[in-house]
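Each chain, written out:
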Amino acid sequence: MNTKTKLLNKYFNSCIFNASGVKDITLKELEILAGSNSGAIVMKTCTIEPREGNHNPRCVSTPLGLIQSMGWPNLGYKKYIEFAKKIKEKTTKPIIASVGGFSIEDYKTIVEAFQKSDVDFIEISLSCPNLEGHSQIGYDFDETEKLLSQLINLGKKPIGLKLPAYLDSALQEKMVEIIKKYKISFITCINSLGNSLIIDSKSEKPLIKPKKGRGGLSGDYIKPIALGNVQGFYNLLKNKVFIFGVGGIKTGEDVFEFLLAGANAVQIGTTFEKEGPSCFQRIEKELVEILQKKNYKNVQEVIGKLKFL
Ligand code: SIN
């Protein structure tokens, strides 16, 4: 039994892989992912120029997850084109580029370059909550349309969207109209929950420095929100758009729940940060045990099969 899956014409040896933003900035980190049981290699969101990111402390773990305000630290998109070429020489795993930008022109330049590169999929980040003065595009449907209308015809590689959490179905419906109009191939939901604040009552200070302590929340805190978003999109998209579920996945049982809700594959962020690359093998093994115990033959049999009360 394995947890293989396929998106368009690409095979993923496992439906469990890393989420963009965790241990995926340098070539060394990407090579570690290539050598691990991660089913794909998702690279850090990149921008036109290299960025140091926000001031430290900017990422702090808690027993229930973590809060971060990284601010897109990355080496600039040209490096990730180089890295993808090097990694492709050593692995057949799908490589997913993650694209960020501060203008439509930025996104266009980067997507155009990745369309001619060795990456297999291009994920457009519409949801970074940590950029002072730049709101999450995914909450502005007009801006999202303006952006996608410029990106979608730049090449043949499948385009996906990294989405923020939507806390109302009407917002998901609006996003689905856009997803259908621009023939988006996959969505990744959800990004960390922006504008969250964790306070240390002893010191009377927030845990992180940027944005007066407000940043993206992930881990256990957000799993029910992520599951709800996956299910909402699954119901609206009816299996026509691939869904990568992400948010608080620690165990094979969590993956099983995301599959039931409608995810085709899942990404691991906080647990990968805390446990390192061995988490992929452990979580996959736990998932396989559950599938076997429940007599499922593969992950496809589970996707979207949540039973209702
Ligand atoms: C960051 O670099 O600030 C996190 C990335 C993201 O939330 O998209």
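Since this is a predicted model, take the numbers as computed values, not measurements.

**Some thoughts on unusual backbone geometry**
Cis geometry is adopted by the peptide bond preceding proline 57, which originates at asparagine 56 and carries an omega value of -5°. Position of proline 57 among the secondary structure elements: in the loop between strand 4 (41–42) and strand 5 (59–62). Residue isoleucine 190 is reached from cysteine 189 by a cis peptide bond, and omega for that bond is 15°. Considering the arrangement of structural elements, one finds isoleucine 190 in the loop between strand 10 (186–189) and strand 11 (193–197). One non-glycine residue, tryptophan 72, lies in positive phi territory at about 55°. Looking at the secondary structure, you find tryptophan 72 in the loop between strand 6 (65–68) and helix 2 (77–88). Judged by its relative accessible area of 4%, tryptophan 72 falls in the buried class.

**A look at the packing of aromatic side chains**
Counted by the stated rule, this structure contains 14 aromatic pairs. Ring centres of phenylalanine 186 and phenylalanine 244 lie 5.0 Å apart, and the angle between their planes is 40°; on these two criteria the pair is classed as tilted. Residue phenylalanine 186 is located in strand 10, and its partner phenylalanine 244 is located in strand 15 (residues 242–246); the two are separated by 58 residues in the primary sequence. For the residue pair phenylalanine 186 and phenylalanine 244, the accessibility class agrees, reading buried in each case. Centre to centre, the rings of phenylalanine 242 and phenylalanine 244 are 5.5 Å apart; their planes meet at 85°, and the pair counts as edge-to-face. Its relative accessible area of 0% is what places phenylalanine 244 among the buried residues.

**Some remarks on the state of the cysteines**
According to the stated counting rule, one finds zero disulfides in the structure shown. Cysteine cysteine 46 is unpaired, with the sulfur of cysteine 128 as its nearest cysteine sulfur at 13 Å. Cysteine 189 carries a free sulfur, and the closest cysteine sulfur to it, the one in cysteine 15, is 15 Å from it.

Definitions and limits used
- Residues numbered from 1 in each chain as written.
- Predicted model: local features only at pLDDT ≥ 70, side-chain atom pairs only at ≥ 80, totals over all residues.
- Heavy atoms only, no water.
- Helix = DSSP H or I, 4+ residues; strand = E, 2+ residues; numbered from the N terminus.
- Buried < 20%, exposed > 50% of the residue type's maximum accessible area, 1.4 Å probe, protein only.
- Phe/Tyr/Trp six-rings, centres within 6.5 Å; stacked < 30°, edge-to-face > 60°.
- Disulfide = S-S within 2.5 Å.

Geometric values such as these leave the question of function open.
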